[in-house]
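# Understanding the architecture of this molecule
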Amino acid sequence: MENNNFEQQNNQQFTDNNANPQQPQFYGPPPALDKKSTGLNILSFFIPLVGLILYLTQKDQTPIKAKGCGKAALIGFILQIVFSIVYVVVIFALVGAAGAAGGLM
């Protein structure tokens, strides 16, 4: 009887380790902090290709940071297109005005 009691205590000691079987235990590196990065957003805005690359490579690991970079890249790309169109229109207007005034012959 005494031996049986000892075995029960021993089994309880090894089986009751306060581990919740519902929660998975992670043995890898800690999860990366996922928050928006102002520096990467500014870089993505001025160089949209970098923002696209950051979005595509980071969308699974850090979705919030990747989404911010993707938005900044998209906004930067659209504004570059708009400014390019405005630039071309202004140049043609200046050339046309100079030609009409007799400046270009």
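Below, the discussion takes up the overall build of the protein chain. Counting secondary structure elements, the protein chain contains four helices and zero strands. Across the 105 residues that make up the protein chain, the buried fraction comes to 10%. Considering only contacts in the protein chain between residues 6 or more positions apart, those separated by 24 or more positions represent 61%. Of the roughly 9,100 Å² that the protein chain leaves accessible, carbon and sulfur atoms contribute 66%.

The next thing to look at is the side chain of asparagine 41. Here asparagine 41 lies in helix H2 (residues 38-46). For asparagine 41, a relative accessible area of 19% gives the class buried. Separated by 3.4 Å, the side chain of asparagine 41 and the backbone nitrogen of cysteine 69 make a polar contact. Non-local contacts of asparagine 41, meaning those with residues more than four positions away in its chain, are made with Lys36, Gly68, Cys69 and Ala72.

Another point: the packing of aromatic side chains. Scanning all chains against the criterion turns up one aromatic pair. Taking the centre distance of 5.1 Å and the plane angle of 80° together, the rings of phenylalanine 45 and phenylalanine 46 count as edge-to-face. Judged by relative accessible area, which is 27%, phenylalanine 45 ranks as partly exposed.

Another point: the environment of leucine 79. Along the polypeptide, leucine 79 turns up in helix H4 (residues 63-100). In this structure, the C-alpha to C-alpha distance between leucine 79 and phenylalanine 45, residues 34 residues apart in sequence, is 9.3 Å.

A separate point is H4. Because an α-helix packs 3.6 residues into every turn, residues spaced three or four apart end up facing the same way. Given a rise of 1.5 Å per residue, 38 residues ought to cover 56 Å, and the 55 Å separating the end C-alpha atoms of H4 matches this to within 8%. Those residues of H4 not exposed but buried are Ala66, Gly68, Cys69, Ala72, Ala73 and Gly76. Along its buried surface, H4 packs onto H2 and helix H3 (48-58). Glycine 102 occupies a position one or two residues after H4 and carries a positive phi of about 90°.

A few words on the packing of H2 against H3. One way to put it is that H2 packs onto H3 with a least axis distance of 5 Å and a crossing angle of 125°. What the angle tells us is that H2 and H3 run oblique. Facing H2, whose interface residues are Leu40, Leu43, Ser44, Phe45 and Phe46, H3 presents Pro48, Val50, Gly51 and Leu54. Looking at the contact of H2 with H3 residue by residue, the class counts come to seven nonpolar, two polar and no charged.

Moving on to the packing of H2 against H4. Running from amino to carboxyl end, H2 crosses H4 at an angle of 30°, the nearest separation of the two axes being 7 Å. Classified by the angle their axes make, H2 and H4 are roughly parallel. Between H2 and H4 the crossing geometry is right-handed. Here Leu40, Asn41, Ser44, Phe45 and Phe46 of H2 lie close against H4, whose contacting residues are Lys65, Gly68, Cys69, Ala72, Ala73, Ile75, Gly76, Leu79 and Gln80.

Basis of the calculations
- Residues numbered from 1 in each chain as written.
- Predicted model: local features only at pLDDT ≥ 70, side-chain atom pairs only at ≥ 80, totals over all residues.
- Heavy atoms only, no water.
- Helix = DSSP H or I, 4+ residues; strand = E, 2+ residues; numbered from the N terminus.
- Buried < 20%, exposed > 50% of the residue type's maximum accessible area, 1.4 Å probe, protein only.
- Contact = heavy atoms within 4.5 Å.
- Areas by Shrake-Rupley, 256 points an atom, 1.4 Å probe, with all protein chains shown as cover.
- Polar contact = N/O pair within 3.5 Å; in protein donor to acceptor, adjacent residues only side chain to side chain.
- Phe/Tyr/Trp six-rings, centres within 6.5 Å; stacked < 30°, edge-to-face > 60°.
- Expected span 1.5 Å × (residues − 1).
- Axes fitted to C-alpha atoms, helices over the stretch in contact; angles between N-to-C directions.
- Parallel < 35°, antiparallel > 145°, perpendicular 65-115°, else oblique.
- Nonpolar A, V, L, I, M, F, W, Y, C, P; charged D, E, K, R; others polar.
- Left-handed = near helix turned anticlockwise from the far one by under 90°.

Any functional reading would require information beyond the geometric quantities listed.
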